[in-house]
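An overview of the molecular structure
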Amino acid sequence: MSRAVSVSLQKGGVGKTTIAINLADALAARDNDVLLVDLDQQGNATEGVGMKDAYESASPNIGDVLTDDDPVDVQEVIRDREVFDVLPAHVDLDDIEDRVRNSTFGVLWVRRRIIDPLLDDEYDYIVIDSPPSLGPLSDAALIGSGNVVVPLLMSEPSVSGFERMFEQQIGPIRREVDLDILAIVPNDLTGNNEERRIIQNLEDSPFDKYIPQFARSSLFDDAESKGPGIRHRIAFSRAWRDGKTLREYDPTNDMLSRLDELAGIVERGGVTDA
């Protein structure tokens, strides 16, 4: 079943872009046609797949797709990549967000201009790297995709960011349209007691059903396990620096199996559908 998914959290520095890039890569490695859409104003996903030039290119760009005035066909802006395709961000995304905010149906543009024309016909999966803040562009990504993967650092500020997102964004959107949380992904873990405590707190909360098996606190005590979650690996930042996915940079990295499990969750439509 084809599916669009936003990788989103209303707090920066949680590895959102890393998860988005490598989720797109993992889905493609499972023989899917995949599009990575960069809606983050900082353009980190665009740069992280080696397309920094597109972020500052004149036109056409994503702003020409998300506009009231004679929008450009999204196919004209998509760039081919060896494993998956990319719809790059643009330096003017702040201005584009203002367009979305000030247009009556702007919040539906991502769905109508990107998701609907491409999902099924062109791509099996569309992965959106969302802005790291509440706002109309982030809302448009969630409404357009109808699914979200939430990366979390195991820290109180990160968890608080998710709680605010759930109350102020996911909840209100769910009252109007379907929006499913596919997974909460503990990210960049090193194995300290604070991480254990926070994962256990999540497991004792209503959000337990969104925690993947590879992120369970029981793995802290499993001698044969590398520990729960997506672990801290310097290869992630080095891959981004080189404009590569983790698989391209380090094809034997031990986190690739975890990313493959996450891709499987997206394919199935959630942790509990396994």
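As recorded in an unreviewed UniProt entry, the protein chain goes by the name ParA family protein, listed as coming from Haloferax larsenii.

1. Points about the nonpolar core
Membership of the largest hydrophobic core comes to 62 residues, with the highest contact counts inside it found for Leu 23, Leu 36, Val 127, Leu 152 and Ile 184. Element by element, the count of residues in this core is highest for helix 1 (residues 16-29), at eight residues. For Leu 23, the residues in contact, after removing those within four places along its chain, are Val 5, Val 7, Val 127, Leu 262, Ala 263 and Val 266. Counting residues in hydrophobic clusters, the runner-up holds 28 residues, among them Leu 35, Ile 78, Ala 89 and Ile 114.

2. Here's the deal with the pattern of salt bridges
What the rule picks out here adds up to 15 salt bridges. Between Asp 208 and Arg 216 there is a salt bridge whose closest N-O contact spans 2.5 Å. A residue is classified by how much of its surface remains accessible, and Asp 208, at 24% relative accessible area, is partly exposed. In this structure, a network of salt bridges that share partners links the residues Lys 16, Asp 40 and Asp 129.

3. Let's talk about helix 6 (residues 109-118)
The complete set of buried residues in helix 6 reads Trp 109, Val 110, Arg 113, Ile 114, Ile 115 and Leu 118. Looking straight down helix 6, one finds that the buried residues subtend no more than 150° of arc, so they occupy a single side.

4. Here's the deal with the packing of aromatic side chains
Summed over the entire model, instances satisfying the criterion amount to three aromatic pairs. Ring geometry for Phe 162 versus Phe 207: centroids 4.8 Å apart, planes at 70°, classification edge-to-face. Placement of the pair is Phe 162 in helix 8 (residues 156-174) and Phe 207 in the loop between helix 9 (193-203) and strand 7 (230-231), with a sequence separation of 45 residues. For the pair Phe 162 and Phe 207, a shared accessibility class is recorded, and that class is buried. For the pair Phe 166 and Phe 207, a centre-to-centre distance of 5.1 Å together with 80° between the ring planes defines the contact as edge-to-face. Taken as a pair, Phe 166 in helix 8 and Phe 207 in the loop between helix 9 and strand 7 lie far apart in primary sequence, 41 residues in all. For Phe 166, a relative accessible area of 24% gives the class partly exposed.

5. Quick word on the environment of Asp 121
For Asp 121, the location among the structural elements is in the loop between helix 6 and strand 4 (125-129). Taking the C-alpha atoms as reference points, Asp 121 and Ser 205, 84 residues apart in sequence, are found 39 Å from one another.

6. Some points on the packing of helix 5 (residues 93-102) against helix 7 (residues 136-145)
The relative placement of two packed helices comes down to the angle between their axes together with the axis-to-axis distance. The N-to-C vectors of helix 5 and helix 7 enclose an angle of 70°; their axes lie 8 Å apart at closest approach. Taken together, the axis directions place helix 5 and helix 7 in an arrangement best described as roughly perpendicular. Residues Leu 93, Glu 97, Val 100 and Arg 101 of helix 5 form the contact with helix 7, whose participating residues are Pro 136, Leu 137 and Ser 138. Class assignment of the residues belonging to the contact of helix 5 with helix 7 gives a composition of four nonpolar, one polar and two charged.

7. Section: the pairing of strand 4
Most of strand 4 sits out of view: five of its five residues are buried. Taking every second residue as pointing to the same face, both faces of strand 4 are buried, with Tyr 125, Val 127 and Asp 129 on one and Ile 126 and Ile 128 on the other.

8. So, the side chain of Ser 217
Positionally, Ser 217 belongs in the loop between helix 9 and strand 7. Ser 217 sits in the buried class, given a relative accessible area of 9%. Side-chain polar atoms of Ser 217 contact the side chain of Glu 203, separated by 2.6 Å. Among residues more than four places away in sequence, those in contact with Ser 217 are Ile 199, Gln 200 and Glu 203.

9. Observations concerning the packing of helix 7 against helix 8
For the pair helix 7 and helix 8, the least separation of the axes is 10 Å and the interaxial angle reads 50°. In terms of axis orientation, helix 7 runs oblique to helix 8. The hand of the helix 7/helix 8 crossing is right-handed. Contacts from Ser 138, Asp 139, Leu 142 and Ile 143 in helix 7 reach Met 165, Gln 169 and Ile 173 in helix 8.

10. A word on the sheet that holds strand 1 (residues 3-7)
Overall, parallel pairing links the seven strands, which are arranged 3-2-4-1-5-6-7 in an open sheet. The open sheet has two edge strands with one neighbour each: strand 3 (85-87) and strand 7. Note: strand 1 against strand 4, five bridges, orientation parallel. Opposite Arg 3, over in strand 4, you have Tyr 125 as the bridge partner. Across the face of the sheet, helix 6 comes into contact with strand 1, strand 2 (34-38), strand 3 and strand 4 while running at roughly 150° to strand 4.

Cut-offs applied
Residues numbered from 1 in each chain as written. Predicted model: local features only at pLDDT ≥ 70, side-chain atom pairs only at ≥ 80, totals over all residues. Heavy atoms only, no water. Core = buried A, V, L, I, M, F, W, Y, C linked by side-chain atoms within 4.5 Å. Buried < 20%, exposed > 50% of the residue type's maximum accessible area, 1.4 Å probe, protein only. Helix = DSSP H or I, 4+ residues; strand = E, 2+ residues; numbered from the N terminus. Contact = heavy atoms within 4.5 Å. Salt bridge = Lys/Arg side-chain N within 4 Å of Asp/Glu carboxyl O. Arc of directions from axis to C-beta. Phe/Tyr/Trp six-rings, centres within 6.5 Å; stacked < 30°, edge-to-face > 60°. Axes fitted to C-alpha atoms, helices over the stretch in contact; angles between N-to-C directions. Parallel < 35°, antiparallel > 145°, perpendicular 65-115°, else oblique. Nonpolar A, V, L, I, M, F, W, Y, C, P; charged D, E, K, R; others polar. Polar contact = N/O pair within 3.5 Å; in protein donor to acceptor, adjacent residues only side chain to side chain. Left-handed = near helix turned anticlockwise from the far one by under 90°. Pairing = 2+ DSSP bridges.

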